[in-house]
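Observations on chain architecture
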Amino acid sequence: MRIAALLVAFNIVLSSVPAFAGDATAAQGVIRAQEQAFARDDAAAAYSHAAPAIKEIFPAPDIFMSMVQNGYAPVYRHKSFEFGESKSEGSWISQHVHIVDANGEAWEALYTLEQQPDGSYKITGCSLLKIGREA
C-alpha cells in the first residue's frame with residue numbers, strides 16, 4: 001500500500017501544477033477533519049475520509065484505525081500539524097503537511113486525494129518522511 005501511495009504521490013508531484021485555491025482548501029478540510037477524528041479516536045469519522053481503494057484494503061473502521069495507530073503514529077498523535085504546498089493534476093491533489101510528533105520529531109507527510117464523482121475529495125494515501133528534531 002505504501003509503495004502504491006508513494007508512486008501516485010511521486011507522479012503527482014513531478015507532473016503537477018499548484019492547486020487552485022478552492023481545491024486546496026477543500027483537500028485541506030478533508031485532511032483536517034480526519035486529523036481531528038484521530039484526535040477524538042473516532043474511527044468511523046476518520047474512515048469516512050478514506051478513498052474507496054483504501055476502504056478495499058482496510059474493510060472496517062477499526063482495522064483502518066489500527067493501521068494508522070501502528071504505522072502512522074505522527075499523523076495519529078502530534079504536537080503540530082501545519083499545511084504546506086498543494087499541487088493538483090486533473091482530479092488529484094497532493095498536499096504537504098509539516099508534522100511535529102508527540103516526541104518532538106519533525107516529519108513531512110505527503111497526502112494524496114482524489115476527487116470523487118460527487119465532487120468531494122477522499123484521501124488515497126499518505127507517505128511520511130522523518131526530518132529530524134524540532135528546535
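Please refer to the structure higher up on the page.
Residues numbered from 1 in each chain as written. Predicted model: local features only at pLDDT ≥ 70, side-chain atom pairs only at ≥ 80, totals over all residues. Heavy atoms only, no water.

**Considerations on the overall build of the protein**
Assigned secondary structure in the protein consists of six helices and five strands. Counting from the amino terminus, the protein carries its helices and strands in the arrangement α-β-α-α-α-α-α-β-β-β-β. Each of the 135 residues in the protein was classed as buried or not, and the buried ones make up 44%. Put simply, of all contacts in the protein between residues at least 6 apart along the chain, 50% involve residues at least 24 apart. When the accessible surface of the protein is split by element, carbon and sulfur atoms take 58% of a total near 7,000 Å². (Helix = DSSP H or I, 4+ residues; strand = E, 2+ residues; numbered from the N terminus. Buried < 20%, exposed > 50% of the residue type's maximum accessible area, 1.4 Å probe, protein only. Contact = heavy atoms within 4.5 Å. Areas by Shrake-Rupley, 256 points an atom, 1.4 Å probe, with all protein chains shown as cover.)

**Re the nonpolar core**
Formed by 29 residues in total, the largest nonpolar core has its most connected members in Phe38, Phe64, Val75, Ile99, Tyr111 and Leu113. At the level of elements, α2 (21–39), α3 (43–47), α5 (61–71), α6 (73–76), β3 (92–101), β4 (105–115) and β5 (121–133) are the ones that each hand at least two residues to this core. Ranked by the residues each element gives to this core, the list is headed by α2, at five residues. Once residues within four sequence positions are removed from consideration, Phe38 is found in contact with Ala46, Phe64, Met65, Val68, Val75, Tyr76 and Arg77. (Core = buried A, V, L, I, M, F, W, Y, C linked by side-chain atoms within 4.5 Å.)

**Observations regarding the packing of aromatic side chains**
Inspection of the entire model under this criterion finds six aromatic pairs. Judged by centre distance (6.4 Å) and plane angle (65°), the ring pair of Phe58 and Phe64 falls under edge-to-face. Per residue, the accessibility class of Phe58 equals that of Phe64, and both read buried. Feature note: the residues Phe38, Tyr47, Phe58, Phe64 and Tyr76 constitute an aromatic cluster, connected by ring pairs. Looking at Lys55, its charged tip hangs above the ring of Tyr47, at a distance of 5.1 Å from the centre. Its end group placed over the ring of Tyr76, Arg77 keeps NZ or CZ at 4.0 Å from the ring centre. (Phe/Tyr/Trp six-rings, centres within 6.5 Å; stacked < 30°, edge-to-face > 60°. Lys NZ or Arg CZ within 6 Å of the ring centre and 35° of its normal.)

**Comments concerning unusual backbone geometry**
A positive phi angle is found at Asp41, which is not glycine, with a value near 55°. Along the polypeptide, Asp41 turns up in the loop between α2 and α3.

**Quick look at the pattern of salt bridges**
Per the stated rule, a full pass over the model turns up five salt bridges. Residue Glu35 is joined to Arg32 by a salt bridge in which the shortest nitrogen-to-oxygen separation is 3.0 Å. Of this pair, Glu35 and Arg32 are both found in helix α2, three residues apart, which corresponds to roughly one turn of the helix. Here Glu35 falls in the buried class, since its relative accessible area comes to 12%. Residue Arg32 is classed as partly exposed on the basis of its relative accessible area, which comes to 26%. Among the ionic pairs, Lys87 bridges to Glu85, the shortest N-O distance being 4.0 Å. (Salt bridge = Lys/Arg side-chain N within 4 Å of Asp/Glu carboxyl O.)

**Let's talk about the side chain of Thr124**
By secondary structure assignment, the location of Thr124 is in strand β5. Judged by relative accessible area, Thr124 falls into the buried class, the value being 14%. Polar side-chain contacts of Thr124 include one of 2.6 Å to the side chain of Thr112. (Polar contact = N/O pair within 3.5 Å; in protein donor to acceptor, adjacent residues only side chain to side chain.)

**Brief notes about the pairing of β3**
For β3, the buried fraction is high: eight of the 10 residues fall into the buried class. Between strand β2 (residues 78–89) and β3, which pair antiparallel and follow one another directly, the connecting turn spans two residues, one of which, Gly90, has a positive phi of 60°. Linkage of β3 to β4, two consecutive antiparallel strands, is achieved through a turn of three residues, within which Gly104 is found at a positive phi near 85°. (Pairing = 2+ DSSP bridges.)

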